[in-house]
Amino acid sequence: MTNPSVAEQRRETRRQGQGNVLVRPENPGSRDVQGRLVDVSTSGFRMAHDCSALTAGQYVTFAHVEARGRARVVWTRILDDSVESGFVVAG
């Protein structure tokens, strides 16, 4: 079930994502993070992965089937058995 207050804050339409995502944090010593593309919009994307070390404000380089480039982590949500992060593409 979608939370109406969250949906109202979204400015862009999201569409379901497919395939893998690779993000490489710009922090020295950080490891590459591989995951699954959950959804995409014009300015960002969401991925499911297993790295709880991604934090808001962190910059990464990324590659997935629809785009590649540089992005900023907006949020990371850690659940019991999974991790999701939202990214905005950095222009």
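Cut-offs and rules
Residues numbered from 1 in each chain as written. Predicted model: local features only at pLDDT ≥ 70, side-chain atom pairs only at ≥ 80, totals over all residues. Heavy atoms only, no water. Salt bridge = Lys/Arg side-chain N within 4 Å of Asp/Glu carboxyl O. Buried < 20%, exposed > 50% of the residue type's maximum accessible area, 1.4 Å probe, protein only. Phe/Tyr/Trp six-rings, centres within 6.5 Å; stacked < 30°, edge-to-face > 60°. Helix = DSSP H or I, 4+ residues; strand = E, 2+ residues; numbered from the N terminus. Core = buried A, V, L, I, M, F, W, Y, C linked by side-chain atoms within 4.5 Å. Pairing = 2+ DSSP bridges.

Student: In this structure, what is going on with the pattern of salt bridges? I would like to understand it.
Tutor: In a structure, side chains of opposite charge can pair up when their charged atoms sit close to one another. Applying the stated criterion across every chain yields a total of seven salt bridges. Here Arg24 ties to Asp32 by a salt bridge, and the two come within 2.6 Å at their closest N and O atoms. By relative accessible area, which is 31% here, Asp32 ends up partly exposed. Between Arg46 and Asp39 there is a salt bridge; the shortest N-O distance is 2.7 Å.

Student: How do you make sense of the packing of aromatic side chains when you look at a structure like this?
Tutor: When we look at a pair of aromatic rings, we describe it by the centre distance and by the angle of the planes. Tallied over the full model, the rule gives two aromatic pairs. When the ring of Phe45 is compared with that of Phe62, the centres are 4.8 Å apart and the planes differ by 40°; the resulting orientation is tilted. Of the two residues, Phe45 is situated in strand β4 (residues 44-49) and Phe62 in strand β5 (residues 59-64); the sequence distance between them amounts to 17 residues. Seen in terms of ring centroids, Phe45 and Phe87 are 4.6 Å apart; in terms of plane orientation they differ by 15°. Their pairing is stacked. Taken together, the residues Phe45 in strand β4 and Phe87 in strand β7 (residues 83-89) connect sequence positions 42 residues apart. Exposure remark for Phe87: the relative accessible area of 4% places this residue in the buried category. Put simply, the rings of Phe45, Phe62 and Phe87 touch in pairs and so form one group of aromatic residues.

Student: Please explain the nonpolar core as it appears in this structure.
Tutor: Most often, soluble globular proteins have nonpolar side chains that are buried together. Val23, Phe45, Met47, Leu54, Val60 and Phe87 are the most contacted members of the largest nonpolar core, which totals 14 residues. Elements represented by at least two residues in this core include exactly β2 (20-25), β3 (33-40), β4, β5 and β6 (67-78). The element best represented in this core is β3, accounting for three residues.

Student: Is there a simple way to explain the pairing of β2 in this structure?
Tutor: In the case of a regular strand, side chains alternate between the two sheet surfaces. Burial along β2 is one-sided: Val21, Val23 and Pro25 are buried, while Asn20, Leu22 and Arg24, pointing the other way, are not. Where β2 and β3 come together, four bridges link them in antiparallel fashion. Each residue of the ladder has a partner; that of Val21, found in β3, is Gly35. The pairing of β2 with β5 spans five bridges and is classified as antiparallel. Paired with Arg24 across the two strands is Thr61, which belongs to β5.

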